[in-house]
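Coordinate inspection notes
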Amino acid sequence: KRDLERFAAKIAAWARDGKRWAARGDREMVKTHERDVRDLRAVHAAVRRGDYRKAAELAYRLDTIVRDQIPVRLYNAINQ
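Bear in mind the structure is a predicted one, so any value in this text is a computation, not a measurement. (Residues numbered from 1 in each chain as written. Predicted model: local features only at pLDDT ≥ 70, side-chain atom pairs only at ≥ 80, totals over all residues. Heavy atoms only, no water.)

For the rest of this paragraph, the subject is helix α3 (residues 52-60). Looking at α3, one finds that the buried residues are A55, A56, L58 and A59. The arc enclosing the buried residues of α3, seen along the axis, measures out at 165°, which places them on a common side. Looking at α3, the residues exposed on the side facing more than 90 degrees away from the buried face are R53 and Y60. (Buried < 20%, exposed > 50% of the residue type's maximum accessible area, 1.4 Å probe, protein only. Helix = DSSP H or I, 4+ residues; strand = E, 2+ residues; numbered from the N terminus. Arc of directions from axis to C-beta.)

All right, on to the packing of helix α2 (residues 27-49) against α3 then. Interhelical geometry of α2 versus α3 gives an angle of 165° and a closest axis separation of 7 Å. Comparing their axes, α3 and α2 come out roughly antiparallel. The chirality of how α2 crosses α3 is left-handed. Along the contact surface, α2 presents A42, V43, A46, V47 and R49, while α3 presents Y52, K54, A55, L58 and A59. Broken down by class, the residue content of the contact of α2 with α3 amounts to eight nonpolar, no polar and two charged. (Axes fitted to C-alpha atoms, helices over the stretch in contact; angles between N-to-C directions. Parallel < 35°, antiparallel > 145°, perpendicular 65-115°, else oblique. Left-handed = near helix turned anticlockwise from the far one by under 90°. Contact = heavy atoms within 4.5 Å. Nonpolar A, V, L, I, M, F, W, Y, C, P; charged D, E, K, R; others polar.)

Geometric descriptors of this kind do not, in isolation, establish any biological role.
Take a look at the structure:
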């Protein structure tokens, strides 16, 4: 549960970063962050449902910097 809370906080921080890019007028980075947030939320939702297989599959498809937003212990758990 704690890892899921930490993960949700990381997702929220990633979304805030996207808003900062928007304030700078960088539409490409905004689109990238929006997609990343959507993908991270999908991983989070799969874990909450207990569907670790789906969560691992979704996480595998993420760019490394985005995947690093998943707490290590949670990432390891979904990949067992």
